[in-house]
Each structure stands twice: as C-alpha cells, then as structure tokens.
There are 2 protein chains.
Amino acid sequence: MSAEFDLIRAITADLPKSDKVTLGVGDDAAALRFDGDAVVSTDMMVENVHFKQAWSSAHDIGRKAVAVNVSDIEAMGAVPTAVVVALAVPRDLERAWIIEFSAGVREECDRAGVSLVGGDMSRSEVIVACVTALGDVASRRPVTRAGARAGDVVAVVGKLGWAGAGFAALSRGFRSPKDVVDEARCPEVPYGQGVVASDAGATSMMDISDGLVQDLGHIAELSGVAIDIDAATLEVSEPMARVGAATGKAPLTFVLGGGEDHALAATFPDADDVPEGWRVIGRVQEGSGVTVDGEEPEVTGWDHFA
Amino acid sequence: MSAEFDLIRAITADLPKSDKVTLGVGDDAAALRFDGDAVVSTDMMVENVHFKQAWSSAHDIGRKAVAVNVSDIEAMGAVPTAVVVALAVPRDLERAWIIEFSAGVREECDRAGVSLVGGDMSRSEVIVACVTALGDVASRRPVTRAGARAGDVVAVVGKLGWAGAGFAALSRGFRSPKDVVDEARCPEVPYGQGVVASDAGATSMMDISDGLVQDLGHIAELSGVAIDIDAATLEVSEPMARVGAATGKAPLTFVLGGGEDHALAATFPDADDVPEGWRVIGRVQEGSGVTVDGEEPEVTGWDHFA
C-alpha cells in the first residue's frame, strides 16, 4: 500500500465515533445523522499567515484548526458533532509533524465533543489546514447575527484580548507571559456555551475572531441596531497589562481589537436572562454602529485583504 | 467596509438557495435541512500540485474544485445539496481572478444542483481551494465501498482516461486534443447517476479519481473480493489514441491508471440491474486484488506521498 494511505491509516486508527456518525472515515464520504437542522462552517489556516512553525507546535496547530471552526458551530447555538480536516504539507516536512498535528486534531475533537469523520491529504509549498465543522441545532433554531433588538443586553463568555496580547508578545520575540501566548497558539473555546445561550433565549450570537468591536459591528449591521460597550466591564488581565507595558500598546486595544480568542458574544432580552459564566459588557440601542462609552473607538479588526 | 468583506459580498451577491438551505451565507455558519442521513466529503486543491495557472483558467479551477467534491457525494448514492468553499490566494493576484474563480464555482454548483452556502477567504503564497460537499441520502442507505460480492458485475458511467490523456498532453506543452485537455481542466462528472445506481441496487460504489485499477482496488479490499476487468470493454477514444501516439504511451494506460475523470464505478448483483448509460467492464470474484483479463496490470495510480 502507498505511503499516503499508510500515513492516513496511522492517523485514523481507532478513531472514536459518536452515535451521530453512521459511517466514519474510509469511504468516499462519511455519513451523519442530524436530529434538527445541520449547521456547517469552514476555515482555512495557512502557514505564515495564520500561524508560524516557530511560534506553534504541530500539536497546537492541529488543536487550533479544530477549535476555530467548532467555535462557529457554537456561535449558532448548535451542538457540534463532526469535523473533516484537509491538510497540505511540504514534501520535506517530517512525518512526525503530521502525526503530532493529527494528535492535536484528535485532542481538540475530544474537548469539543466532535467526531473526526473525514479528510484529505496532499502537497503544498507551505502548510495549509482546512477544517469544516458540522453541528446539530436539534429542536432549536439557529441563533443568527440578525436578531438583536434595542434594549437587549450584550454579554460574552470566554477570553477577550488574550490571544491578541499573545501575538503581540510573540511578534516581538517574547515567549511569555505563558497564559496569553498559549491562548494565541490555541484559543480556549467555551465549548457548550452556544447551546446554553440559545436555551437562555439569546436573540443574536457570534464568535469573536476578528476583534470585539469589528465582530459586534456585524451583529449591529445585520440586526439594524447600535451597540454600546461599557469599557468599565472589560477586564484587562495582569499578563495583558504586562504585554501592553512591554510593547507600548494600551492593553484595552487587545480587548477591543484583538481577535482569535473565539469568545462567544450574544444578546439577551434582559440582564436576568444572561447565563452563569457570561459577563454583560454593553447594551443594544436604536441606531447603527458600535461605540465604547458612547464614543467611536479607535480600533480595527483583522482584514486579510487590506 | 473592508476590502475582504467587499469582495466576499461581490462573490456571494444573489446566490440561488434551494429549499434544503434554511440559512445561507453571511453568518457564523449556514443551516441545512436533511431528509435522511447527511454525507460529507472534503478535498483541497493546491496550485502547481493539482492545477497550474498556465494550464487552467480561474473559471476552470473554480468549476473543478466543486466537481471533484460533489463527485464523492454522488459516489455514496446521495443527492448533492450544498458546498462550502475556502480559498487562499497570493497578495498580488488580481481581483479579477477571484471573481472568475467564483463564477466557475457558481456555474458548477448550478450543474450539480447544489447551493453554495459558505466560505472563507485568506492569503497564501500559492492558490489553495478547499471545498467541502454535503449530500442527502434521503430514504436510501449510503452505498459504500464495502458491499461488493463475488458474482456481481462491475460497471462505470462517465469518462475514463480522458483527463489522464489531457494531463499527458498538457505536460508535453500541447493544448490539444481539446476534448481530453478540457476534461483535465474540469472533469465532466455524471451528476445524478449516484442516486440512479443506488436505486438500481448497487452493492458498492466509488468515484474514479486516482485511476481505475487503484480505485477498484479499494472496493476489492474493503469488500474482501477480487475484481477482474475485461480489457475489451474499455474504450480507447480517438483523441486518447492521438495523445498516446504523440507521447509514446500505450493509450490503455490512461484508461487503467489515469485519474481525475471522476467517473462512477459500481457493482451490481446482475447485468440486468445495470442502469442505462452505464457500461459493464468486469466481474467481482472470490479472492483479492484487481486483474485485467486475469493478469496483474502494470499501472499505478496517483500518490501524493510517493
């Protein structure tokens, strides 16, 4: 048997399979059973654009590829169920890198409660990983970005600004503070909270991947409302403050503009609806755009095409 | 609004949406409704590995990215319903290339009867396209590679060897014969025939992407049977013969070893079960491996990791 099939066999040996998976890896396609509507999202991660081998281990990159995609499924208020993973690597990359990447994929699948059901492997000049994640809204409806109403409160769960501070540290040649650098290497996605928010009556939801202000801007635009963030509610953690001091950046810019933490942001009709573990950070109002304490903030998010 | 969102808006304007799609592009994830089990498959196409800009237009590459993935859905005997497309391109690639690629994606989605429901766009040194396709088996069961039984007949629908001959011509600097070169640029997938085969009682099925002998080897292995191909049933088309003469290759090697035509191969209990338009090319027997007229063939398929 060829080297390609041999490697794929090593990676996919003894894969756990949930009862949602009616046919796992090894055929032209996998088969899945959904109780309600299925949700699907895809994201590509490219070496030296989304990650650097000097900053992240193969294991980190495998974990992150799954995490950032499952985060989009959480953001719909769905139960994440499965992922497929396509990977392209340079010809001279060691086989051990691919095995470690795959171990990271499997570890994050375990954390997220999803099954790895398929993939593809090929060659490229740089490492490229593309993950497509699937989820089941079951008896619920998908929570979109378009349902926020004036009077709702805005709440978040998960970290904000940690990954941004971590990237700022890494790009200046630091390998610490560990907490923020680890978050840049692989975000700690608040798994399970998407369904919690949906059941609590969230009117809109999304994950924060491009920066808090930019991403809340999508909810504001699609819902036809304005959002005001209360700066006093935003936490600047101690490691974030240290990175700010070391890099000369205001730590709050990590919180407002730093992406890739994959926190969840949602709107709820009333502060009493906000689930345990979520923090209220603002209000939905009539109008348009996103403000911080009533003022237009001076932060921008991530734009691959700027 | 940023250049990235502006471009995505241009690409996704007025997308057609089937009634299987309950939420289209523009949110964290799309939402789909399935009548039966869902099938899912993913494939990545990398510049200078799977295609060359000198050989294929942006439109061809967009079409092919969809075609090769939907082919896997057909191979399960499912109705193709939706695709998501992730694209990474170099910073200096013209915007027109991306618009043309997207037009190709949309054209092939129309041909295949699937909805484009999501995507991702980012930067890379070379062009990388990753498509994930979804299908609905509805009231059927997925047709796997594992159900062939001794006594079944082997049949195919679609082209065999045309793309292989096309690549052989292109790699020698020719731009003709047009029919085989076009097939190399974008395969003509026999859309709809997966369900036809399933309804006709196919016991196993797959699409031919790595070469007839190699791919039938997967059915043989997973079904625990042997397959013998009757060489007299294989058509060597006139353009294929011309490429053989020009390149010094036996034309039958294109048919037996050339991949990327994405024909469908299936096994049926009896010749009378074989649907119209399919050609019987061999028999399933006790044993293991694939033979041609009882002999082991001297062809190999495609291995990215050889």
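Residues numbered from 1 in each chain as written. Chains lettered and ligands numbered in written order. Predicted model: local features only at pLDDT ≥ 70, side-chain atom pairs only at ≥ 80, totals over all residues.

### Some remarks on the overall build of chain A
We apply this condition: Only DSSP runs of H or I reaching four residues or more are called helices, and only runs of E reaching two or more are called strands; each is numbered from the N terminus. It is over C-alpha atoms that the radius of gyration is taken, and the globule rule equals 2.2 Å times the number of residues to the power 0.38. Put plainly, a residue is buried at 20 or more neighbouring C-beta atoms within 10 Å of its own, exposed at 12 or fewer, and partly exposed in between, counting only other residues' C-beta atoms, which are placed from the backbone. Each residue is represented by a C-beta atom placed from its backbone, and any two residues with such atoms within 7 Å are regarded as in contact.
The helix and strand inventory of chain A stands at nine helices and 12 strands. Expected size for 306 residues packed as a compact globule is a radius of gyration near 19 Å; at 20 Å, chain A falls within 12% of this value. Seen through its principal axes, chain A has C-alpha atoms that stretch 65 × 50 × 30 Å. With 306 residues in all, chain A has 57% of them scored as buried. Considering only residue pairs separated by 6 or more positions, chain A has 85% of its internal contacts joining residues 24 or more positions apart.

### Details of the sheet that holds strand E4 (residues 79–89) of chain B
Worth spelling out the cut-off: For two strands to be treated as a pair, DSSP must find at least two bridges joining them. As a rule, the C-alpha atoms of each element are fitted with a line to give its axis, helices using only the stretch in contact, and angles between N-to-C directions run from 0 to 180 degrees.
On the basis of which strands lie adjacent, the open sheet formed by six strands has the order E1(A)-E2(A)-E3(B)-E6(B)-E4(B)-E5(B) and mixed pairing. Two strands bound the open sheet, and with one partner strand each, they are strand E1 (21–23) of chain A together with strand E5 (115–123) of chain B. Between one strand axis and the next, the sheet turns by 25° as a mean value, whatever way the strands run. Direction of pairing for E4(B) relative to strand E6 (residues 128–136) of chain B: antiparallel, over a ladder of nine bridges. Bridge pairing in E6(B) links B:Val83 to B:Ala133. Across the sheet, helix H2 (residues 58–74) of chain B touches strand E3 (38–46), E4 and E6 of chain B, and the angle it forms with E6(B) is around 35°. Its contacts with the sheet put helix H3 (residues 95–112) of chain B on E4 and E5 of chain B, and the angle it makes with E4(B) is roughly 170°.

### A look at the interface of chain B and chain A
Heads up, the condition is: Gly is placed with the polar residues, together with every amino acid not listed as nonpolar (Ala, Val, Leu, Ile, Met, Phe, Trp, Tyr, Cys and Pro) or charged (Asp, Glu, Lys and Arg).
Counting from both sides, the interface comprises 55 residues of chain B and, opposite them, 55 residues of chain A. Of the residues in the side of chain B that touches chain A, the class split is 31 nonpolar, 11 polar and 13 charged. In the sheet, strand E3 (residues 38–46) of chain A pairs with strand E2 (residues 30–32) of chain B via three bridges, with the strands oriented antiparallel. Within E2(B), the position partnered with A:Ala38 by the bridge is B:Leu32.

### Let's talk about the relation of the copies chain B and chain A
Filter applied, for reference: A least-squares superposition brings the copies together, and it is based on the C-alpha atoms of residues with pLDDT no lower than 70 in both.
When chain B is fitted onto chain A, the two copies agree to an RMSD of 0.0 Å after a turn of 180° and an axial shift of 0.0 Å. Such a combination of rotation and displacement between the chain copies is what one expects of a two-fold axis. When the interface residues of chain B are mapped onto chain A, 100% of them are again interface residues, pointing to one common binding face.

### Some words on the domain arrangement of chain A
Residues and elements named next belong to chain A. The line we're drawing: As used throughout, domain bounds are those supplied by an automatic or database domain assignment.
Domain boundaries in chain A define domain 1 (3–136) and domain 2 (153–292). Taken over C-alpha atoms, the centre of domain 1 sits 25 Å from the centre of domain 2. Taken together, the elements giving at least two residues each to the side of domain 1 that touches domain 2 come down to helix H2 (58–74) and helix H3 (95–112). Ranked by the residues each element gives to the side of domain 1 that touches domain 2, the list is headed by H2, at nine residues. When the residues that make up the side of domain 1 that touches domain 2 are grouped by side-chain class, the tally is nine nonpolar, four polar and six charged.

### A look at the pairing of E6(B)
All names here are of chain B. Here E6 lies mainly inside the structure; nine of its nine residues are buried. What you see with E6 is no split at all: Val128, Cys130, Thr132, Leu134 and Asp136 on one side and Ala129, Val131, Ala133 and Gly135 on the other are buried throughout. Taken together, the nine bridges between E3 and E6 define a ladder with antiparallel strand orientation. Considered in E6, the bridge of Val46 is made with Val128.

### Looking at helix H7 (residues 212–223) of chain A
Residues and elements named next belong to chain A. Operational definition: Multiplying 1.5 Å by the helix residue count minus one yields the expected span of that helix.
Taking 1.5 Å per residue as the helical rise, H7 with its 12 residues ought to reach 16 Å, and the 16 Å between its terminal C-alpha atoms agrees with that figure. Of all 12 residues in H7, nine are buried; the element is thus mostly enclosed. Along H7, the residues classified as buried are Leu212, Val213, Gln214, Asp215, Leu216, His218, Ile219, Ala220 and Ser223. The inward-facing, buried residues of H7 abut strand E8 (204–208), strand E9 (226–229), helix H9 (251–257), strand E10 (263–268) and strand E12 (289–292). At the exit of H7 stands Gly224, carrying a positive phi of roughly 70°.

### What about the nonpolar core?
Formally: Here a nonpolar core is just a set of buried residues of the types Ala, Val, Leu, Ile, Met, Phe, Trp, Tyr and Cys, joined wherever their C-beta atoms sit within 7 Å.
Judged by nonpolar contacts, the single largest core of 200 residues is most densely connected at A:Val39, A:Val83 and B:Val39. Here B:Val39 is in contact with A:Ala29, A:Ala30, A:Ala31, B:Ile73, B:Met76, B:Ala78, B:Leu134, B:Gly135, B:Val137 and B:Pro142, once residues within four sequence places are set aside.

### Focus: helix H5 (residues 178–185) of chain A
By the burial criterion, the buried members of H5(A) are A:Val180, A:Val181, A:Glu183, A:Ala184 and A:Arg185. Contacts made by the buried residues of H5(A) are with H2, helix H4 (162–171) and helix H8 (238–247) of chain A.

### Focus: the environment of B:Ala10
Residue and element names in this part refer to chain B. Along the chain, Ala10 turns up in helix H1 (residues 3–12). Assessed through the 12 C-beta atoms surrounding it within 10 Å, Ala10 is described here as exposed. Residues Ala10 and Ser223, spaced 213 residues apart in sequence, show a C-alpha to C-alpha distance of 47 Å.

### Looking at the sheet that holds E8(A)
All names here are of chain A. Here we have six strands laid out as an open sheet, ordered E8-E10-E7-E11-E9-E12, and mixed in their pairing. The outermost strands of the open sheet, each flanked by one partner alone, are E8 and E12. Neighbour-to-neighbour, the strand axes of this sheet turn through a mean angle of 25°, independent of strand direction. Its contacts with the sheet place H7 against E8, E9, E10 and E12, and it is angled at close to 155° to E8.

### Examining unusual backbone geometry
In the segment running from A:Ser176 into A:Pro177, the intervening peptide bond is cis, with an omega of 0°. Within the fold, A:Pro177 resides in the loop between H4 and H5. Its identity is not glycine, yet B:Asn48 carries a phi of approximately 70°, on the positive side. Relative to the helices and strands, B:Asn48 resides in the loop between E3 and H2. With 13 C-beta atoms packed within 10 Å, B:Asn48 lands in the partly exposed category. For B:His262, which is not glycine, the phi dihedral falls at a positive 60°. Here B:His262 is to be found in the loop between helix H9 (251–257) and strand E10 (263–268).

### What to know about the environment of A:Thr42
Structurally, A:Thr42 is set in strand E3. The exposure class of A:Thr42 is buried, given the 26 C-beta atoms found within 10 Å. Along the primary structure A:Thr42 and A:Val83 are separated by 41 residues, whereas in three dimensions their C-alpha atoms are 9.5 Å apart. The contacts of A:Thr42, once residues within four sequence positions are left out, are A:Cys130, A:Thr132, B:Val84, B:Ala86, B:Gly118, B:Gly119, B:Asp120 and B:Thr132.

### Here we look at the pairing of E5(B)
All names here are of chain B. Formally: Note on handedness: a clockwise path from strand one over the helix to strand two, with the strands aimed away from the viewer, defines a right-handed crossover.
Direction of pairing for E4 relative to E5: parallel, over a ladder of eight bridges. By the bridge assignment for E5, Ala88 is matched with Ser122. The handedness of the E4 to E5 crossover, carried by H3, is right-handed.

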